[in-house]
There are 2 protein chains.
Amino acid sequence: MSVQERKERERADRERLIVATARELAERQGWDAVTTRRLAERIEYSQPVLYSHFRGKREIVGAVALQGAAELAAELRTAAGGADGPRARAAALARAYLDFAERNPAVYDALFRLDGGLAFAEEETPQPLKDAFAALLESLGEVAGDGVHPGLFTEVFWAALHGLATLTRAGRLPPGDVGRRVDLLVDRLAVP
Amino acid sequence: MSVQERKERERADRERLIVATARELAERQGWDAVTTRRLAERIEYSQPVLYSHFRGKREIVGAVALQGAAELAAELRTAAGGADGPRARAAALARAYLDFAERNPAVYDALFRLDGGLAFAEEETPQPLKDAFAALLESLGEVAGDGVHPGLFTEVFWAALHGLATLTRAGRLPPGDVGRRVDLLVDRLAVP
DNA sequence: CCCCGATCCTAGCACCGCTAGACATTCGAG
DNA sequence: CTCGAATGTCTAGCGGTGCTAGGATCGGGG
């Protein structure tokens, strides 16, 4: 059954190509530029091929989001691992998070702004998403403070980071001063 | 010149009708359902009439956003005015903000998630937007703490509220617990 | 070797934001 | 009162979107 295996392998390759192409196009020109026609042209197949891999455009967004979640989790853990002490870890985590959002705006949008058809904060939430949240929780739980539920604290801290990331990039907050904002945030939210 | 006055009045009325209809439609069925065709049909005019009032759809979103900004500012001031003490004011403000976002999701999106073609955090920022931020600043400046720039503090606090509002509504945070999250946020961020 | 099923593409649907140009209506000058 | 101009509105259409039905083509198994 080597023939069938080869076909499956080629199919998997093509699926990866679709996701990578969508991601690159989104990162270069924004998600609005990611149309099924353009995407099909880039991978050198016709449109219907996309629909043999994904139900529709939203699922492609979701695939990019999952890929991004894994990377985000890894970067967060790396940043946290290189810092000494709970507060320093929280600060490093915050900076790494905002850095990721700035360097990968399209992936960040796929994760947290667009609808990729993924379940969040539920039983069926895909593993990479759970893991990214877990990466936050690992470091932030240490600075939640006594009597404060670590999960709740992480949610609030995360929301603050998300707000900073989105408002800054949407031009709602003046650029610059990012460092001072995150310093203030960590200084106040994290328990000494 | 009474005739001309009447025409101008009717024109202004129609413009208000467009904005109100767009807002209602967006609030009922989401901004995706607000198409120029549907909007034109609802106001019982043809599509090109919309373009004699607004440059395009984005400007209609912007008009809804400005309307919403004025309402948000008013609600924030009302909430803050009914609380005693700086911390209580900050807490009331936070609750009012999240309440507004929950009760007017489409307006909130027009303000802070969609592109309405409005300038933010700049010289040319429309007055209602500046005023809404000022309403935040009035109450939050009191709890910024010594040596902390009130504007910077307000930006961070606002970002946290925005994060909570958007992540909750997008299903990224489990519903419920909103009260506990905002309690934690105010408790930590606001200086005693 | 030939047939048949899997695979892929062409062509098209209904909808989108937006606009050119025809049409009607109203206004103001003579 | 008449008639041309200006104003206002609509019909029709352009190029784009996500998505899909149905026919052509290709390659492996009998």
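What counts and how
- Residues numbered from 1 in each chain as written.
- Chains lettered and ligands numbered in written order.
- Predicted model: local features only at pLDDT ≥ 70, side-chain atom pairs only at ≥ 80, totals over all residues.
- Heavy atoms only, no water.
- Helix = DSSP H or I, 4+ residues; strand = E, 2+ residues; numbered from the N terminus.
- Buried < 20%, exposed > 50% of the residue type's maximum accessible area, 1.4 Å probe, protein only.
- Contact = heavy atoms within 4.5 Å.
- Areas by Shrake-Rupley, 256 points an atom, 1.4 Å probe, with all protein chains shown as cover.
- UniProt positions renumbered as here; feature names shortened; annotations may be inferred.
- Near = heavy atom within 4 Å.
- Polar contact = N/O pair within 3.5 Å; in protein donor to acceptor, adjacent residues only side chain to side chain.
- Nonpolar A, V, L, I, M, F, W, Y, C, P; charged D, E, K, R; others polar.
- Least-squares fit on C-alpha atoms with pLDDT ≥ 70 in both.
- Axes fitted to C-alpha atoms, helices over the stretch in contact; angles between N-to-C directions.
- Parallel < 35°, antiparallel > 145°, perpendicular 65-115°, else oblique.
- 1 Å grid on protein atoms, 1.4 Å probe; cavity = no way out; pocket = protein on both sides within 12 Å on 5 of 7 lines; lining within 4 Å.
- Points joined across faces, edges and corners; volume = space filled by probe spheres on them.
- Salt bridge = Lys/Arg side-chain N within 4 Å of Asp/Glu carboxyl O.

(A) How the structure looks around the overall build of chain A. Of the regular secondary structure elements, chain A holds 9 helices and 0 strands. Each helix and strand of chain A, ordered N terminal to C terminal, gives the series α-α-α-α-α-α-α-α-α. Relative to its full complement of 192 residues, chain A shows a buried share of 47%. For chain A, long-range pairs separated by at least 24 residues make up 65% of all intrachain contacts whose partners lie at least 6 apart in sequence. Of the roughly 9,500 Å² that chain A leaves accessible, carbon and sulfur atoms contribute 50%.

(B) Fine view of the UniProt feature "DNA-binding region" (unreviewed entry) in chain A. Here the UniProt feature "DNA-binding region" (unreviewed entry) sits at residues 35–54 of chain A. Helix makes up 70% of residues 35–54 of chain A and strand makes up 0%, while its end C-alpha atoms are separated by 14 Å.

(C) Just the protein's contact with DNA strand D, in detail. In the vicinity of DNA strand D lie 17 residues, with Thr35, Thr36, Tyr51 and Lys57 of chain A together with Ser46 of chain B positioned nearest. One of the backbone nitrogen or oxygen atoms of Val34 of chain A is found 3.5 Å away from a phosphate oxygen of DNA strand D. Separating a base nitrogen of DNA strand D from a side-chain N or O atom of Arg37 of chain A is a distance of 3.0 Å. Residue assignment for the surface near DNA strand D shows that the elements contributing at least two residues are helix H2 (36–42) and helix H3 (47–53) of chain A together with helix H3 (47–53) of chain B. Its residues assigned to classes, the surface near DNA strand D shows 7 nonpolar, 5 polar and 5 charged.

(D) Highlighting the protein's contact with DNA strand C. Surveying the vicinity of DNA strand C reveals 17 residues, the closest of which are Ser46 of chain A together with Thr35, Thr36, Arg37 and Lys57 of chain B. In the interface set of DNA strand C, defined as its atoms within 4 Å of the protein, sugar plus phosphate atoms amount to 52%. The contact in question runs from a phosphate oxygen of DNA strand C to an N or O atom on the side chain of Thr35 of chain B, over 3.2 Å. Take Thr36 of chain B: an N or O atom from its main chain is 2.7 Å from a phosphate oxygen of DNA strand C.

(E) Geometry of the UniProt feature "domain: HTH tetR-type" (unreviewed entry) in chain A. Using the residue numbers shown here, the UniProt feature "domain: HTH tetR-type" (unreviewed entry) corresponds to residues 12–72 of chain A. Here residues 12–72 of chain A is 79% helix and 0% strand, with 23 Å between the C-alpha atoms at its ends.

(F) Representation of the relation of the copies chain A and chain B within the structure. For the pair chain A and chain B, the best superposition has an RMSD of 0.1 Å and corresponds to a rotation of 179° with a translation of 0.0 Å parallel to the axis. Those values place the two copies in the arrangement expected of a two-fold rotation axis.

(G) Representation of the side chain of Glu155 of chain A in the model. Of note, Glu155 of chain A is situated in helix H8 (residues 150–169). Judged by relative accessible area, which is 11%, Glu155 of chain A ranks as buried. Not counting chain neighbours up to four residues away, the residues in contact with Glu155 of chain A comprise Phe133 of chain A together with Leu173, Pro174 and Arg181 of chain B.

(H) Local environment of the packing of H8 of chain A against helix H9 (residues 178–189) of chain B. For the pair H8 of chain A and H9 of chain B, the least separation of the axes is 10 Å and the interaxial angle reads 70°. When the axes of H8 of chain A and H9 of chain B are compared, the pair comes out roughly perpendicular. Mapping the contact onto sequence places Leu152, Phe153, Glu155 and Val156 of chain A in H8 of chain A and Arg180, Arg181, Leu184, Leu185 and Arg188 of chain B in H9 of chain B.

(I) Spotlight on the layout of surface pockets. In this model, the largest pocket occupies a volume close to 1,300 Å³. Contributing to the lining of the largest pocket are 32 residues, with Arg113 and Leu114 of chain A together with Asp32, Arg113 and Leu114 of chain B lying nearest its centre. Of all the secondary structure elements, the ones that give two or more residues to the lining of the largest pocket are helix H4 (57–81), helix H6 (105–112) and H8 of chain A together with helix H1 (2–29), helix H4 (57–81) and helix H6 (105–112) of chain B. Class assignment of the residues belonging to the lining of the largest pocket gives a composition of 12 nonpolar, 5 polar and 15 charged. The computed volume of the second largest pocket comes to approximately 330 Å³. Ala121, Leu129, Lys130 and Phe133 of chain A together with Arg172 of chain B are the residues nearest the centre of the second largest pocket, which is lined by 19 residues in total. Listing elements by their share of the lining of the second largest pocket, those giving two or more residues are H4, H6, helix H7 (127–140) and H8 of chain A. Tallied by class, residues from the lining of the second largest pocket come to 14 nonpolar, 1 polar and 4 charged.

(J) Geometry of the environment of Pro86 of chain A. Residues and elements named next belong to chain A. Of note, Pro86 is situated in helix H5 (residues 86–103). By relative accessible area, Pro86 is classed as partly exposed at 36%. Once the C-alpha coordinates of Pro86 and Val191 are considered, the two residues, 105 residues apart in sequence, prove to be 9.2 Å apart. Excluding residues that lie within four positions of it along the chain, Pro86 makes contacts with Glu142 and Val143.

(K) Quick look at the interface of chain A and chain B. Counting residues at the interface gives 36 residues for chain A and 36 residues for chain B. At the boundary of chain A and chain B, one finds 2 salt bridges. For the salt bridge of Arg181 of chain A with Glu155 of chain B, the shortest nitrogen-to-oxygen distance reads 2.7 Å. Mapped by element, the contributors of at least two residues to the side of chain A that touches chain B are H6, H8 and helix H9 (178–189) of chain A. Among the elements that line the side of chain A that touches chain B, the one with the most residues is H8 of chain A, at 12 residues.

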